[in-house]
Amino acid sequence: MSNTRVQRAIDVASGRGEQVIARVREVLLAANARYDINLNPSVDLRLRGRVAGKAGMRTVTRANGSRETYYSLKFNRDLILGDHFEDMLREVIPHEIAHLVTYARPELGDAHNRGWQRVCRALGGTGKTYHDYSVNYAHGGFTYRASCGTLVTVSKIIHKRLQSGEQTRTLRATGGMISKASPWAPEGKPVAELRLAA
């Protein structure tokens with residue numbers, strides 16, 4: 001599907017795309033006024049995978065030595081179109097804009113530290129640093145049973161890394177682990193069909 005059609009699909013789906021843009025503008029106005037900054041990021045509603053949103057900053061140095069900083073926001077289209085839309089508006093948008101604020105004003109905070117959390121809460125978020133939304137992966141996923149018993153779905157890329165032994169993953173919420181030795185099945189298969197790595 002072309003980028004234009006993807007964007008159109010989001011815009012048409014109950015006006016959710018427009019609601020996301022409106023919420024971004026609302027939170028940006030509050031951030032700009034509260035922190036005396038002038039953020040005007042690009043907004044992309046086509047992010048895929050496990051990430052709910054992503055804030056970016058890029059500084060370009062021109063030939064004459066002048067520097068320009070560009071900000072961007074990306075939001076997960078599957079979460080916008082799915083069951084977690086209200087959480088996207090309430091949690092994810094303030095979370096990502098808080099990152100832009102701390103990029104523009106580093107003295108306010110960094111990454112997900114306490115300063116960043118204060119900014120996030122001031123913009124209407126909770127300061128939570130991760131989500132537990134179920135995500136359907138564009139190219140299919142794989143469900144693993146973690147050492148704690150929790151079922152976790154990972155992307156095809158993470159699955160390959162786990163199966164090669166290149167990495168293991170620890171669940172933030174439970175401390176359980178997934179690795180090459182963990183039982184797994186292609187996404188959508190019954191849990192009873194989870195298999196051990198060969």
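Up top is the structure.
Not measured: the values here are computed from a predicted model.

J.: Just give me the short version of the pairing of strand β3 (residues 67-76), but keep the residues and values in it.
T.: Direction of pairing for strand β1 (residues 42-47) relative to β3: parallel, over a ladder of four bridges. Bridging across to β3, Val-43 finds its partner in Leu-73. Two elements, strand β2 (residues 53-61) and β3, share nine bridges in a ladder whose sense is antiparallel. The residue of β3 that forms the bridge with Val-60 is Glu-68. The loop that links β2 with its antiparallel partner β3 comprises five residues; one of these, Gly-65, has a positive phi angle of about 95°.

J.: Give a description of the packing of helix α4 (residues 85-104) against helix α5 (residues 114-122) that names residues and reports values.
T.: α5 packs onto α4 with a crossing angle of 125° between their chain directions and a minimal axis gap of 8 Å. On the basis of their axis angle, the class for α4 and α5 is oblique. For the pair α4 and α5, the crossing hand works out as right-handed. Between α4, through Pro-94, His-95, Ala-98, His-99, Val-101 and Thr-102, and α5, the contact on the second element is made entirely by Trp-116, Val-119 and Cys-120. Partitioned by chemical class, the residues of the contact of α4 with α5 number six nonpolar, three polar and no charged.

The rules behind these values
- Residues numbered from 1 in each chain as written.
- Predicted model: local features only at pLDDT ≥ 70, side-chain atom pairs only at ≥ 80, totals over all residues.
- Heavy atoms only, no water.
- Pairing = 2+ DSSP bridges.
- Helix = DSSP H or I, 4+ residues; strand = E, 2+ residues; numbered from the N terminus.
- Axes fitted to C-alpha atoms, helices over the stretch in contact; angles between N-to-C directions.
- Parallel < 35°, antiparallel > 145°, perpendicular 65-115°, else oblique.
- Left-handed = near helix turned anticlockwise from the far one by under 90°.
- Contact = heavy atoms within 4.5 Å.
- Nonpolar A, V, L, I, M, F, W, Y, C, P; charged D, E, K, R; others polar.

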